[in-house]
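Residues per chain, in single letters:
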Amino acid sequence: MGIITARESAVRSYCRAWPAVFDRAAGSWLYDEAGRAYLDFFAGAGALNYGHNNPVLKEALLGYLAGDRVIHSLDMYTVAKREFLAAFGELILQPRQLDYRVQFPGPGGANAVEAALKLARKVTGRTEVISFTGAFHGMTLGALSVTGSPFHRGGAGVPLTHATPMPFDHTLGGPAPDFRWLERLLASRGGGPDKPAAAIVETVQGEGGIRVARPEWLRGLADLCQRHGILLIVDDVQMGCGRTGPFFSFEAAGLRPDIVCLSKSIGGYGLPLALTLIRPDLDIWEPGEHNGTFRGVNPAFVTGTATLRTYWRDDALQRSTLAKGQRAAAALAALAQSIPGTPIEPRGRGLVHCLAFEDGELAGKVSAAAFERGLLVETAGPQGEAVKLLPPLTITDAELGQGLELLADAVRSVC
Ligand SMILES: Cc1ncc(COP(=O)(O)O)c(C=O)c1O
């Protein structure tokens, strides 16, 4: 790894926690160059919901490449894009009675967020955006302005303006979805904030440490937005594409957001692709007003289409995700209880869970001990206090059990 540490920028981070040189990958496993296997409970931070080199998706990709089909096309018409949009409409939007225009911004999640924020401001003619404590929306300046982490915000080098953070669910500890404070501010004629263009929210904060908003809190927010003419943006970059069970993470709360951000697993194979979904009457972009060279990468359309046609033609994946999630939740609750003297809070929804420790030091040690045992788990949260479990949704029951045992062993060795 010497050439990498010598040449790659100091900004690199995951490789510092996992000092191995990875080479091959299949399903829920990564292999280093010496052939050592690691069970992957990280899944590309949510970009690999269907595992590494999923054989069905690989076959579709190899066939496309072998046929000299179009790889790069900006936003020209291509067969691959047509097939992706047809599958997305038929299998995702129509069954849920959702109607969205699809914008392909740049390929990453932050690109989807930037487009959403710009459009919300353009539509409303307002500048302010409501964000939430603990939120993570990406590293570009717009996305960073609605991101909570002081560490990441500090990297901006310029003031991050026109965003107002509000307490995320559970911050105030109340039993009800209490938006009275915000409601009063918005109604205030005595110096409340300017009326916002939008509110941007994650239903489960991933990088924020697996903070799960209650459905009633989300509905309270949606209701407030509707009454005040504020656009609701759900950032489903990490929690969408089935991570919480249903395709969209907001389905369980019955929301119908005005704008939705998707990326990570929408291309299915770990190839870069992002979508900003727009309520049709809000799609007031001028042609080319928001553009980019890498929008709609055709190989990602191909694997994305194969993913939708394989995993979203029925509810089998959703059911298995929820079942695996319940098993993980039960195991984590039992593990936390079995270690008296160390306060550990298990949290999660669907197949995204964490063990939240009192500080980042303990969580970091657990992650390191898991790595020694051949399990990849990252830490998240404001102090890195949450050991985060994000296995591929396609993980087998045996692999899930194996990973949970390795984690339990790692926790016991540290606590
Ligand atoms: C909720 C959410 N939004 C946006 C992003 C940014 O995505 P990207 O890193 O692809 O720019 C992330 C990344 O983790 C995320 O979790």
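All figures in this text were calculated on a predicted structure; none of them were measured in a lab.

Conventions we followed
- Residues numbered from 1 in each chain as written.
- Predicted model: local features only at pLDDT ≥ 70, side-chain atom pairs only at ≥ 80, totals over all residues.
- Heavy atoms only, no water.
- Helix = DSSP H or I, 4+ residues; strand = E, 2+ residues; numbered from the N terminus.
- Rg over C-alpha atoms; globule rule 2.2 N^0.38 Å.
- Buried < 20%, exposed > 50% of the residue type's maximum accessible area, 1.4 Å probe, protein only.
- Contact = heavy atoms within 4.5 Å.
- Lys, Arg positive; Asp, Glu negative; His and termini not counted.
- Charge placed at Lys NZ, Arg CZ, Asp CG, Glu CD.
- Axes fitted to C-alpha atoms, helices over the stretch in contact; angles between N-to-C directions.
- Left-handed = near helix turned anticlockwise from the far one by under 90°.
- Near = heavy atom within 4 Å.
- Polar contact = N/O pair within 3.5 Å; in protein donor to acceptor, adjacent residues only side chain to side chain.
- Areas by Shrake-Rupley, 256 points an atom, 1.4 Å probe, with all protein chains shown as cover.
- Nonpolar A, V, L, I, M, F, W, Y, C, P; charged D, E, K, R; others polar.
- Salt bridge = Lys/Arg side-chain N within 4 Å of Asp/Glu carboxyl O.
- Expected span 1.5 Å × (residues − 1).
- Arc of directions from axis to C-beta.

Turning to the overall build of the protein chain, a few remarks are in order. Summing up its helical and strand segments, the protein chain has 14 helices and 17 strands in all. Relative to the globule expectation of 22 Å for 415 residues, the C-alpha radius of gyration of the protein chain, 21 Å, shows essentially globular dimensions. Across the 415 residues of the protein chain, 52% fall into the buried class. Long-range contacts, defined as pairs at least 24 residues apart, comprise 74% of the intrachain contacts of the protein chain with a sequence gap of at least 6. With 40 positive and 42 negative side-chain charges, the protein chain shows a separation of 2 Å between the mean positions of the two kinds.

This next bit is on the packing of helix α4 (residues 55-66) against helix α11 (residues 298-311). As a packed pair, α4 and α11 sit with axes 9 Å apart at the nearest point and diverge in direction by 145°. The crossing of α4 and α11 is right-handed. Where α4 approaches α11, its residues Val56, Leu57, Ala60, Leu61 and Tyr64 are matched on the opposing element by Asn298, Pro299, Val302, Thr303, Ala306, Thr307 and Thr310.

Looking at the secondary structure, you find Thr303 in helix α11. What Thr303 contacts, discounting residues up to four positions off in sequence, is Leu57, Leu61, Gly267, Tyr269 and Leu271.

Here the focus is the site of the ligand. Every residue lining the ligand is accounted for by Gly108, Gly109, Ala110, Phe136, His137, Gly138, Glu202, Asp235, Val237, Gln238 and Lys264. For the ligand, a nitrogen atom lies 2.6 Å from a polar atom in the side chain of Asp235. At 2.8 Å, a side-chain N or O of Gln238 approaches an oxygen atom of the ligand. Burial of the ligand by the protein amounts to 81% of the accessible area it has alone, namely 390 Å². For the shell around the ligand, the per-class residue count stands at three nonpolar, five polar and three charged.

The next thing to look at is the pattern of salt bridges. In this structure the tally under the stated criterion is 16 salt bridges. Between Arg373 and Asp409 there is a salt bridge; the shortest N-O distance is 2.8 Å. Note that Arg373 is positioned in the loop between α13 (360-372) and β15 (375-376) and Asp409 in helix α14 (residues 397-414), a separation of 36 residues in sequence. Three or more residues are tied together by salt bridges with common partners; here these are Glu183, Asp223 and Arg227.

Quick look at α4 now. The terminal C-alpha atoms of α4 lie 16 Å apart, and with 12 residues this matches the ideal 16 Å at 1.5 Å per residue to within 8%. Taken together, the buried positions of α4 are occupied by Leu57, Leu61 and Tyr64. Projection of α4 onto a plane perpendicular to its axis shows the buried side chains occupying an angular sector of 60°, all on one side. With respect to the buried face of α4, the exposed residues turned more than 90 degrees away are Pro55, Glu59 and Ala66. Packing partners of the buried residues in α4 comprise α5 (79-93) and α11. Between the side-chain oxygen of the N-cap and the backbone nitrogen of Val56 there are 3.1 Å, and the N-cap of α4 in question is Asn54.

Nothing here speaks to function; it is geometry throughout.
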